[in-house]
Amino acid sequence: KVLIQTYQPENPIFNQILTNNYQAFFNQDMTERHSFNYPPYVRLIRITLKHTDLNTCTRAANTLANKLKLRLHNRILGPDTPSIARIQNKHIKQILIKIETTANPQQAKQIIHDEIQSITSQQPYKTLQIHLDIDPI
């Protein structure tokens, strides 16, 4: 027995659950994923920046995002602050990149690597920590 509490009982997903219509749910979800450019129609790359100084982290994230936007255009989302904004006294910012599955992953990887190198070679950002997560969950 399952109990679902909602403010939107008219939402089509509840009818799909009640009728055990997996195929309709799948089709609707895949249509939404395609229209919003989410996997499996694109690959995601999450760049996480960490620094002990919030202003340094914010400036670096904004600079990196702007440089990536110049080269990768509307594929860049952010930078944003994650729900857990600081861990072990390090402030966190994130940038999300959507790369089409038809695009050349090596070219995208090189662009990202070049821009990260450009940022971390500058004096205020030498102690910046940058991590990439390919296809994050």
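Residues numbered from 1 in each chain as written. Predicted model: local features only at pLDDT ≥ 70, side-chain atom pairs only at ≥ 80, totals over all residues. Heavy atoms only, no water.

1. What about the packing of aromatic side chains?
Formally: When the centres of two rings from Phe, Tyr and Trp lie within 6.5 Å, Trp using its six-membered ring, the rings pair. Their planes under 30 degrees apart give stacked, over 60 give edge-to-face, and anything left gives tilted. Only when the NZ of Lys or the CZ of Arg is both within 6 Å of the ring centre and within 35 degrees of the ring normal is a charge said to sit over the ring.
Scanning the entire structure with this criterion turns up one aromatic pair. Across from the ring centre of Tyr38, 3.9 Å away, lies the NZ or CZ of Lys98, which sits over that ring.

2. Here's the deal with the environment of Thr63
Put simply, the rule is: Under the scheme used here, helices are H or I runs from DSSP no shorter than 4 residues and strands are E runs no shorter than 2 residues, and both carry numbers assigned from the N terminus. Throughout, a residue-residue contact means that at least one pair of heavy atoms, one from each residue, lies within 4.5 Å.
Mapped onto the secondary structure, Thr63 falls in helix H3 (residues 54–72). Residues Thr63 and Ile119 lie 56 residues apart in sequence; the distance between their C-alpha atoms is 7.8 Å. If sequence neighbours within four positions are ignored, Thr63 has contacts with Ile119 and Tyr125.

3. Overview of the side chain of Thr48
Here Thr48 shows up in strand E1 (residues 42–51). Contact partners of Thr48, with chain neighbours within four places excluded, come to Ile92, Lys93, Gln94, Gln129, Ile130 and His131.

4. Description of the pairing of strand E4 (residues 90–100)
Under the convention used in this document: The rule is simple: take the accessible area with a 1.4 Å probe, protein chains only, and divide by the maximum for that residue type; under 20% is buried, over 50% is exposed, in between is partly exposed. A pair of strands counts as paired when DSSP detects no fewer than two bridges linking them.
Most of E4 is tucked away, with eight of its eleven residues classed as buried. The pairing of E1 with E4 spans ten bridges and is classified as antiparallel. By the bridge assignment for E4, His51 is matched with His91. Bridge count for strand E2 (residues 76–80) against E4 is three bridges, and the pairing is antiparallel. Each residue of the ladder has a partner; that of Asp80, found in E4, is Gln94. Here strand E3 (residues 86–87) pairs with E4 via two bridges, running antiparallel. Bridging across to E4, Arg86 finds its partner in His91.

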